[in-house]
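Each chain, written out:
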Amino acid sequence: MADFVVIYYAPAPVREQAQRMAPKDMQAGMQAWKAWADGCGDALVYPGSALMGGQRVTPEGSSPRDSDVIGYSVVQADDMEAAVALVADHPHIAWGQGCEIEVYQAMRMPL
């Protein structure tokens, strides 16, 4: 089994809309995410975190970073095809409006 990082993207208008959601609508959205997570079973290693207030770091220093990246999860699967299958019906992409998911295989660094 390998680890795969699932990156969630949402454009600014969707992020702004989400911030204005009524609590009952937000709860319904979280129920959809929980149903997805439950469906993953043990393959879901880390359900995820929202990402906010990013900083870009370069040799010259750091600066605020405005990005469409809004969060991530970690899943385990035998291969990329299986990892992609785990997120094929994820509620995040059902939002439409430019919401996307990317999946990357995580390679541990031999330290």
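Note: the structure precedes this text.
What counts as what
- Residues numbered from 1 in each chain as written.
- Predicted model: local features only at pLDDT ≥ 70, side-chain atom pairs only at ≥ 80, totals over all residues.
- Heavy atoms only, no water.
- Patch = residues over 30% accessible without salt bridge, like charges linked within 9 Å, V, L, I, M, F, W, Y side chains within 5 Å.
- Areas by Shrake-Rupley, 256 points an atom, 1.4 Å probe, with all protein chains shown as cover.
- Salt bridge = Lys/Arg side-chain N within 4 Å of Asp/Glu carboxyl O.
- Helix = DSSP H or I, 4+ residues; strand = E, 2+ residues; numbered from the N terminus.
- Buried < 20%, exposed > 50% of the residue type's maximum accessible area, 1.4 Å probe, protein only.
- Polar contact = N/O pair within 3.5 Å; in protein donor to acceptor, adjacent residues only side chain to side chain.
- Contact = heavy atoms within 4.5 Å.
- Phe/Tyr/Trp six-rings, centres within 6.5 Å; stacked < 30°, edge-to-face > 60°.

## Brief notes about a nonpolar patch on the surface
Next, step 1: Taken together, the side chains of Met 21, Met 26 and Met 30 make up a nonpolar region of the molecular surface, amounting to roughly 280 Å² of accessible area.
Next, step 2: On the secondary structure map, Met 26 appears in helix α2 (residues 23-40).
Next, step 3: For Met 26, a relative accessible area of 40% corresponds to the partly exposed category.

## Some details on the side chain of His 92
Next, step 1: With respect to the helices and strands, His 92 occurs in helix α4 (residues 91-94).
Next, step 2: Since its relative accessible area comes to 0%, His 92 is described here as buried.
Next, step 3: Among the polar contacts listed, one links the side chain of His 92 to the backbone oxygen of Tyr 9, at a separation of 2.7 Å.
Next, step 4: His 92 has contacts with Tyr 8, Tyr 9, Ala 10, Trp 33, Ile 70, Cys 99, Glu 100 and Ile 101, leaving out every residue within four places of it along the chain.

## What to know about the packing of aromatic side chains
Next, step 1: All chains considered together, the criterion is met by 2 aromatic pairs.
Next, step 2: With 5.0 Å between their ring centres and 55 degrees between their planes, Tyr 8 and Trp 33 make a pair best called tilted. One end of the pair, Tyr 8, is in strand β1 (residues 2-9); the other, Trp 33, is in helix α2, with 25 residues separating them in the sequence.
Next, step 3: Taking the centre distance of 5.6 Å and the plane angle of 25 degrees together, the rings of Tyr 46 and Tyr 72 count as stacked. Highlighted residues: Tyr 46 in strand β2 (residues 44-50) and Tyr 72 in strand β5 (residues 69-77), separated in sequence by 26 residues.
Next, step 4: Here Tyr 46 falls in the partly exposed class, since its relative accessible area comes to 33%.
Next, step 5: Classification of Tyr 72 as partly exposed rests on a relative accessible area of 26%.

Purely geometric stuff here, so don't read any function into it on its own.
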